[in-house]
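# An overview of the molecular structure
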Amino acid sequence: MRDDHPPRNPEAGTARLSDLHLLPRRVYRFRMLGMGLGAPPIALVLQELGAPMWTWAWLLVTCLVWPQVAYVIARRSASPFDAELRNLMADSMIAGLWAPLMHFTALPSALLVTVATADKINSGIRGLWLRSLPGMFLAVLVGGLLTGFAFRPETSLPVLLACLPIMIVHTLAVSLASYQLVRKVQAQNRRLDELSRTDVLTGLDNRRHWQDQAEALLQRHHREGRPATLMLVDVDLFKQINDRHGHAAGDDVLRGIAALLRRGAGPQARVGRLGGDEFALALPVGIAEAEHVAEQLRAGVEQLRLADAPALRCSISLGLAEAGPTHLGLREWSEAADKALYRAKHGGRNQLVRQGDSLEPDPA
Ligand SMILES: Nc1nc2c(ncn2[C@@H]2O[C@H](COP(=O)(O)OP(=O)(O)OP(=O)(O)O)[C@@H](O)[C@H]2O)c(=O)[nH]1
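Residues numbered from 1 in each chain as written. Predicted model: local features only at pLDDT ≥ 70, side-chain atom pairs only at ≥ 80, totals over all residues.

The positions UniProt marks with the feature "transmembrane region" (unreviewed entry) are residues 28-46, 53-74, 94-116, 128-151 and 157-182. Helix makes up 83% of residues 94-116 and strand 0%. Its end C-alpha atoms lie 9 Å apart. Here residues 157-182 is 100% helix and 0% strand, with 37 Å between the C-alpha atoms at its ends. (UniProt positions renumbered as here; feature names shortened; annotations may be inferred. Helix = DSSP H or I, 4+ residues; strand = E, 2+ residues; numbered from the N terminus.)

Next up on the list: the site of the ligand. Inspection of the region around the ligand gives 17 residues, with Asp236, Phe238, Lys239, Gly250 and Gly276 positioned closest. Where the shell around the ligand is concerned, the elements lending two or more residues are strand S1 (229-235), helix H8 (238-245) and helix H9 (247-265). The class makeup of the residues in the shell around the ligand is five nonpolar, five polar and seven charged. (Near = placed C-beta within 6 Å. Nonpolar A, V, L, I, M, F, W, Y, C, P; charged D, E, K, R; others polar.)

A separate point is unusual backbone geometry. Phi is positive for Phe104, which is not a glycine, with a value near 60°. By the element assignment, Phe104 lies in the loop between helix H3 (80-101) and helix H4 (106-122). In this model, Arg349 sits at a positive phi of 70°, which is unusual for a non-glycine residue. Here Arg349 lies in the loop between helix H11 (330-346) and strand S5 (352-354). According to the C-beta neighbour criterion, Arg349 is partly exposed, with 17 such atoms within 10 Å. (Buried ≥ 20, exposed ≤ 12 C-beta atoms within 10 Å, placed from the backbone.)

If you walk across this open sheet you meet the five strands as S2-S3-S1-S4-S5, and the pairing is mixed. Of all the strands in the sheet, just strand S2 (270-275) and S5 have a single pairing partner and so form its edges. Shown here is a sheet whose adjacent strand axes are inclined to one another by a mean of 20°, direction ignored. Strand direction decides the pairing type here: strand S4 (residues 316-322) and S5, joined by three bridges, are parallel. Within the sheet, the bridge partner assigned to Leu318 lies in S5 and is Leu352. Along the sheet, H9 contacts S1, S2, strand S3 (278-283) and S4; its crossing angle with S3, the most-contacted strand, is approximately 5°. (Pairing = 2+ DSSP bridges. Axes fitted to C-alpha atoms, helices over the stretch in contact; angles between N-to-C directions. Contact = placed C-beta atoms within 7 Å.)

See the structure below:
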């Protein structure tokens with residue numbers, strides 16, 4: 001008998017209230033469909049067996065009355081999810097009972113038991129299918145005692161044909177559900193992958209991902225001799241900005257500068273936020289071109305205005321280092337750019353300094 005699966009497992013403590021209230025209605029539709037498709041082959045077998053009236057009555061109860069009763073029980077329950085779990089177990093017992101009542105007619109008996117168990121597996125609720133087996137076997141036993149374990153496994157052509165709808169519909173429904181689940185998991189994996197590489201505040205590469213990209217650019221420089229320049233960017237007196245205008249305005253400044261860097265650096269550059277108010281750019285260009293870009297960025301940040309804090313002014317200091325033979329790894333390359341940035345800070349801020357430039361006296 002077809003049943004539907006709950007979207008979440010409350011045992012994992014993640015079930016949402018809205019899910020719980022939707023569950024009985026969802027299960028009801030599938031239970032009606034499953035019981036409806038299961039009824040014709042059962043009815044044909046009962047007819048072939050010349051079954052007693054009470055089995056016909058039981059067929060009516062299981063296919064018409066039970067789905068309504070199960071729905072009402074679940075809706076009225078203080079815990080619809082738990083009530084539906086019990087109903088799902090009852091579905092398995094009903095499927096199990098039908099096997100002996102059909103004198104174990106092979107195809108419909110195997111089909112009902114398999115479909116009921118497959119639905120428990122497909123529910124994703126840990127161990128539900130195993131927990132449903134004792135009840136199912138008990139029902140087989142009770143039904144067997146009622147029928148004296150009459151055994152007639154032959155399946156006639158009409159019964160076989162009547163089994164086709166439930167076979168086809170159930171297989172397709174389960175396949176569709178699996179397909180949708182796989183697509184959802186793939187999309188979530190892509191999103192997780194993206195999140196693991198992205199700085200949440202600015203949307204730039206985060207430190208680790210940026211470092212991987214910068215290292216790759218440096219190694220390509222060593223391999224192929226292509227130019228590469230590292231640019232470290234630090235917001236000037238950012239603590240004062242936070243103190244005077246508030247942390248939220250500080251965040252807006254970081255976002256605004258990040259957007260400027262991303263736009264100004266060009267599509268080939270890797271732009272990352274190393275943390276706090278520090279950014280880094282790995283540019284596939286020589287020092288002269290990088291200096292030009294850096295100057296434009298510096299001037300752009302000077303012009304940055306925030307709608308929420310129009311009086312706020314900010315600037316950045318930049319340290320540049322072109323990749324060279326002494327920069328064996330990102331560490332050496334970063335140190336060179338960091339020294340240049342240090343000079344820019346101590347040279348009065350709001351300026352760019354490149355590796356090897358002479359140290360300006362600090363006016364402060
Ligand atoms: N709004 C905001 N502030 C942050 C964030 N991360 C770090 N900060 C603050 O950024 C400030 C960084 O200040 P520093 O780099 O030490 O110094 P500074 O004031 O920028 O001065 P100089 O670098 O010498 O120009 C600290 O006050 C941090 O609390 C963030 O995500 N948002």
